Amino acid sequence: SEVEWAWGEEGQGIFDAAPLPAPAGTLTVPKEALKLLTAVCWHADPERFALAYAGLLRLKANPRLIHDKGDASMTRLIRMQKNVARCIHKMHAFVRFRELPSDGPRPRFAAWFEPTHHTVEPGTPFFARRFGDMDWVIATPDVTARFEGGTLTWHPGAPRPDLPEDATEGLWTEYYRSIFNPARVKVGAMRSEMPVKYWKNMPETRIIPELLAGAEKRVMDMRAAAPSLPPAYAQRVLARQAPQEPDAGSLDDLWARASRIAEEPGLGRMIPGTGPADAPLVIMGERPGDMEDRAGAPFVGPAGQVLDRVAAAAGLDRRAAYVTNAVKRFRYEMRGKRRIHQNPSRAEIDHAKWWVAQELRLVKPRLLLAMGGTAAEMLTGSRAGLLKRRGHWEETDFGPTFITVHPSYILRLPSADQQAEEEARLVEDLSQVAGRLAA
């Protein structure tokens, strides 16, 4: 506390007042502390030397203090270190050189920069390494850096020189214009990363107002010019998902092909549809369950028993209909010895479209009954709002399609009364299908 620190003209004559005492011993601090205190000395805070010296004495007594985030004075030093590092980064990013006439073998360049902190000395060695084949000057209000003949030196600051523009600035401006992405414009973030105080020394900033003003129009133009076809990689993915075979000649031919597809871990065999090949009605469920996979036929488990009971009550002959599923394979997860049913993914639905299209092309039904969200998505393109669409006919590419719930929906209801109520509603739904089929 007895040391008074001064900088520049403030320090002139201070050594005439009293001689400095001889050093008494040495100080030992961690390397990271030395790095911290050195950075603090480049800060613009007038108290930087006093703060660094106080931090040095405290770190000598307690080296672990540098990791104490609860210490206010140490936190201040770390914040100053980050500010200096950020200022050096800004210097590296925003210095713009302009070429000067040269009468020697090495080209000559000059730049003007206004750093926030005293970062010319720690910041300019970067340029010496990067531009070692040319001579250059970076002038700032406080310090001027000169690199001539491979030697870097520092000199007093200078006023801003009148630097000529060169041809490279036009090229750089056009390059900046070409890489400017109007769809990603965030003005606040841009000004945070490239503060306005640096704009006057950067040629590309002259066109920023123009680019910002036309950003919305450029986004619309980009959207209008975007290709309407899917990218090539999407076509390759679809090619792997869809069978690369000609159309099946019959249902027997179709399911003979399906039988050649092997089971996989977590995925059962292909389950064909059942019923007359010329059935007037196709009943489509979601995907086979465990019992369907074992039996090799759709709707033979508990949900199939509900369908049989409801269809009989509605006067709908299931045996006269072609019964199938939107997705043809049972996907499951093993839990102990049980195979737990997994809902179809979008990729599985897309993969099954070829098989469904083949079935419906061969059966040529007059009416279709979609039971559940997956069947509705397969036949109409959407499963949204299933309960609101329930009980209504919709026109599709495959023909008139009636939307209702899957029988398993009834089985999942918590009480017997709710199950009985929903089963009665399903009877009403299937009665509409039976009535239109008879008409």
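Keep in mind it's a predicted model, so treat the numbers as computed, not measured. Throughout this document, residue positions are counted from 1 along each chain, in the order its sequence is written. Local features are withheld for residues below a pLDDT of 70 in this predicted model, meaning they are given only at 70 or higher, and side-chain atom pairs are given and counted only at 80 or more; totals for whole chains, interfaces and linings count all residues. Derived side-chain values reflect all non-hydrogen atoms in the structure, with water molecules and hydrogen atoms excluded from consideration.

A. Just the environment of I349, in detail. Along the chain, the position of I349 falls in helix α14 (residues 346-363). A relative accessible area of 2% places I349 in the buried class. Along the backbone, I349 and E377 are 28 residues apart, and their C-alpha atoms lie at a distance of 8.5 Å. Here I349 is in contact with V327, P344, T374, E377, M378 and R383, once residues within four sequence places are set aside. The helix and strand labels rest on DSSP assignments: H or I over at least four residues marks a helix, E over at least two residues marks a strand, and numbering proceeds from the N terminus. Any residue under 20% of the maximum accessible area for its type is buried, any over 50% is exposed, and the rest in between are partly exposed; the area is computed with a 1.4 Å probe on protein chains only. We call two residues contacting when some pair of their heavy atoms lies within 4.5 Å.

B. The arrangement of the nonpolar core in detail. Put simply, buried Ala, Val, Leu, Ile, Met, Phe, Trp, Tyr and Cys residues joined by side-chain atoms within 4.5 Å make one nonpolar core. In terms of nonpolar packing, the biggest core is built from 28 residues, with L251, L254, W255, M284, Y322, W355 and M378 touching the most fellow members. For this core, the secondary structure elements donating two or more residues are α11 (251-259), β7 (281-285), α14, β11 (367-371) and α15 (373-380). Here this core takes 8 residues from α14, the largest share from any one element. Beyond its immediate stretch of four places on either side in the chain, M378 contacts M284, A326, I349, A352, K353, V356 and F398. Residues F113, F147, M194 and I208 belong to the second largest nonpolar core, which totals 27 residues.

C. Seen up close, the sheet that holds strand β9 (residues 329-335). As summarised here, the arrangement of the 3 strands in space is β6-β9-β10, forming an open sheet in which the pairing is antiparallel. Whereas interior strands pair on both sides, the edge strands pair on one side only; in this sheet they are β6 (267-270) and β10 (338-341). Within this sheet the neighbouring strands show an average axis-to-axis angle of 40°, counted without direction. Sheet topology note: the β6/β9 ladder contains 2 bridges and is antiparallel. Each bridged residue has a counterpart across the sheet, and for L267 the counterpart in β9 is R331. Two strands qualify as a pair provided that DSSP identifies no fewer than 2 bridges between them. Orientation is described by lines fitted to C-alpha atoms, with helices fitted over the stretch in contact, and by angles between N-to-C directions that extend from 0 to 180 degrees.

D. The environment of W255, seen in detail. Along the chain, W255 turns up in helix α11. Considered as a pair, W255 and G273 are 18 residues apart in the sequence and their alpha carbons are 8.7 Å apart. The residues contacting W255, other than those within four sequence positions of it, are I271, P272, G273, Y322, K328, W355 and E359.

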